[in-house]
Amino acid sequence: MINLDRVSRTFQTRTGDLEALRDIDLEVEEHQFLAVVGRSGCGKSTLLRLVAGLLTPTAGTITIDGTPVRQPRPEVALMNQRPALLPWRTAFGNVMLPVEILRRPRAAYRARAAELLDSVGLAGFHQRRPHELSGGMQQRVALCRALIQQPRILLMDEPFSALDALTREELATQLQAIHMAQSVTTVFVTHSIQEAVLLADRVVVLSPRPGRVRQVLEVDIPRPRSFGHNAHLTDVASCVAELHDLLLRD
Ligand SMILES: Nc1ncnc2c1ncn2[C@@H]1O[C@H](COP(=O)(O)OP(=O)(O)O)[C@@H](O)[C@H]1O
Ligand SMILES: [Mg+2]
């Protein structure tokens with residue numbers, strides 16, 4: 001469904017050209033959960049922004065269902081590390097924002113917004129404003145906002161990085177449940193090997209800048225997966241160890 005064919009991206013900077021990504025070949029199938037890991041600065045955010053249509057490649061082509069990506073589109077949602085909620089709107093009002101921007105009928109989405117908020121544990125918080133919510137709760141609202149328009153593709157750029165470890169685990173587990181229920185095609189950028197192994201069908205390991213595909217790892221562990229003790233501990237351990245070695249190599 002998402003296809004990258006020899007995609008490169010160079011930035012012009014005051015000190016000369018900066019090659020962020022080189023020759024990325026990648027395919028993401030419908031309903032797949034793809035994680036992208038790599039060191040800081042290797043081009044992960046650039047990759048997502050290219051797929052989102054916020055940047056154009058300097059070489060190569062990106063297509064979604066065969067159509068070249070030229071600009072952002074409503075069927076592709078992007079979620080960032082910071083929730084960027086509107087402070088004067090309630091949680092519910094923030095989730096409904098894309099509906100208004102896309103000029104869709106509000107009434108048709110109200111029930112969905114409420115269900116989404118309930119599904120991430122915010123049942124009693126629909127009418128709260130962002131400053132009344134913890135960082136983890138705000139990021140949950142941002143996740144609901146990304147999903148309200150029923151995107152076919154969800155792009156997530158280190159969405160849980162700013163949160164404490166336990167909250168990260170909780171959110172990752174909720175994201176897994178949402179993915180199991182709705183299976184929106186997802187590209188999930190993370191620093192966390194654990195998150196990648198918990199969530200992904202496949203993990204792409206990028207090399208240090210310029211980012212190239214170093215390896216693609218299939219994660220063949222049954223769902224639901226968990227961070228704690230479960231029946232697949234040895235599979236999880238070997239996956240984690242392999243990713244760890246791939247990331248540490250220069
Ligand atoms: N708009 C830009 N202009 C110039 N350089 C950029 C721009 N965006 C990203 N870069 C550079 O490209 C490289 C990759 O950045 P980024 O995609 O943010 O990496 P990551 O998300 O993996 O940390 C970095 O060296 C960064 O400084
Ligand atoms: Mg980044």
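Residues numbered from 1 in each chain as written. Chains lettered and ligands numbered in written order. Predicted model: local features only at pLDDT ≥ 70, side-chain atom pairs only at ≥ 80, totals over all residues. Heavy atoms only, no water.

**Regarding the overall build of the protein**
Where we set the bar: Comment: elements are numbered from the N terminus, with helices defined as DSSP H or I runs of at least four residues and strands as E runs of at least two. Atoms considered for the radius of gyration are the C-alpha atoms alone. The globule rule reads 2.2 Å times the number of residues to the power 0.38. Relative accessibility under 20% of the residue-type maximum defines a buried residue, over 50% an exposed one, and the middle range a partly exposed one, all with a 1.4 Å probe and only protein chains included.
The secondary structure content of the protein amounts to seven helices and 10 strands. Compactness check: the protein gives a C-alpha radius of gyration of 18 Å against a globular reference of 18 Å for 250 residues, within 12% of the reference. Across its three principal directions, the C-alpha atoms of the protein cover 50 × 45 × 35 Å. Each of the 250 residues in the protein was classed as buried or not, and the buried ones make up 50%.

**Topic: the environment of Val28**
So the rule is basically this: Note on definitions: a residue-residue contact is assigned when non-hydrogen atoms from the two residues lie within 4.5 Å.
By the secondary structure assignment, Val28 is in strand β2 (residues 16-28). Apart from the residues lying within four places of it in its own chain, the contact partners of Val28 are Met1, Ile2, Leu34, Thr185 and Val187.

**Things to note about helix α2 (residues 91-101)**
Within α2, nine of the 11 residues are buried, leaving the element largely enclosed by the surrounding structure. For α2, every residue scored as buried is listed here: Ala91, Phe92, Gly93, Asn94, Val95, Met96, Leu97, Pro98 and Val99. Against α3 (107-119) and α4 (135-147) lie the buried residues of α2. Positive backbone phi, approximately 55 degrees, marks Arg103, located one or two places after α2.

**Side note on the site of ligand 1**
Using the following cut-off: Definition of nearness: a residue and a molecule or strand are near each other if at least one heavy atom of the residue lies within 4 Å of the molecule or strand. Nitrogen and oxygen atoms within 3.5 Å of one another constitute a polar contact, given that in protein one can donate a hydrogen and the other can accept it, and given that sequence-neighbouring residues count only through two side-chain atoms. Areas reported as accessible are Shrake-Rupley estimates using a 1.4 Å probe. Residue values count occlusion only from the protein chains shown.
As a structural note, the neighbourhood of ligand 1 is formed by 13 residues, with Gly41, Gly43, Lys44, Ser45 and Thr46 the closest of them. Within the side chain of Lys44, an N or O atom sits 2.8 Å from an oxygen atom of ligand 1. A distance of 2.6 Å is found between an oxygen atom of ligand 1 and a side-chain nitrogen or oxygen belonging to Thr46. Protein chains bury 65% of the 560 Å² of accessible surface belonging to ligand 1 in isolation.

**Some thoughts on the pattern of salt bridges**
Using the following cut-off: Salt bridge criterion: a side-chain nitrogen from Lys or Arg within 4 Å of a carboxyl oxygen from Asp or Glu.
Tallying each qualifying case throughout the model produces 11 salt bridges. Between Asp65 and Arg152 there is a salt bridge, with its nearest N and O atoms 2.7 Å apart. Of this pair, Asp65 sits in the loop between β4 (59-64) and β5 (67-68) while Arg152 sits in the loop between α4 and β7 (153-157), and the two are 87 residues apart along the sequence. Among the salt bridges present, the one from Asp201 reaches Arg223, with a minimum N-O distance of 2.8 Å. Of the two residues, Asp201 sits in the loop between α6 (193-199) and β9 (202-206) while Arg223 sits in the loop between β10 (213-218) and α7 (233-248), which places them 22 residues apart along the sequence. Shared partners join several salt bridges into a network, and the residues in it are Glu30, Asp65 and Arg152.

**A look at the nonpolar core**
Quick reminder of the rule: What makes a nonpolar core is a set of buried Ala, Val, Leu, Ile, Met, Phe, Trp, Tyr and Cys residues whose side-chain atoms join them at distances within 4.5 Å. Residue ranges labeled as domains rest on an automatic or database domain assignment.
Leu143, Val197 and Val203 are the most contacted members of the largest nonpolar core, which totals 53 residues. Residue assignment places this core across two domains, with domain 1 (2-75 + 152-248) and domain 2 (83-150) each supplying three or more. The contact partners of Leu143, leaving out residues within four places of it in the chain, are Met79, Val120, Leu154, Met156, Leu175 and Ile178. Counting residues in hydrophobic clusters, the runner-up holds 27 residues, among them Leu55, Ile64, Val69 and Val204.

**Looking at the domain arrangement of the protein**
Using the following cut-off: By convention, the term buried area covers the 1.4 Å-probe accessible surface removed from two parts as they join, with the contributions of both added. In this count, Pro and Cys sit with the nonpolar residues alongside Ala, Val, Leu, Ile, Met, Phe, Trp and Tyr, while Asp, Glu, Lys and Arg are called charged and the others, Gly among them, polar.
Domain boundaries assigned for the protein yield domain 1 (2-75 + 152-248) and domain 2 (83-150). Of note, the centres of domain 1 and domain 2, computed from C-alpha atoms alone, are 24 Å apart. Taken together, the contact between domain 1 and domain 2 spans 14 residues of the former and 16 residues of the latter. A combined buried area of about 1100 Å² lies between domain 1 and domain 2, and 63% of that area is made up of carbon and sulfur atoms. Sorting the residues of domain 1 by area buried against domain 2 places Pro74, Gln174 and Ile178 first, and these three jointly supply 39% of that buried surface. Here Glu170 and Arg140 are joined by a salt bridge, their closest N and O atoms 2.8 Å apart. Linking domain 1 to domain 2 there are five residue pairs in polar contact (both at pLDDT 80 or more). At the level of elements, β7 and α5 (165-182) are the ones that each hand at least two residues to the side of domain 1 that touches domain 2. Here the side of domain 1 that touches domain 2 takes seven residues from α5, the largest share from any one element. For the side of domain 1 that touches domain 2, the class distribution of residues is nine nonpolar, three polar and two charged.

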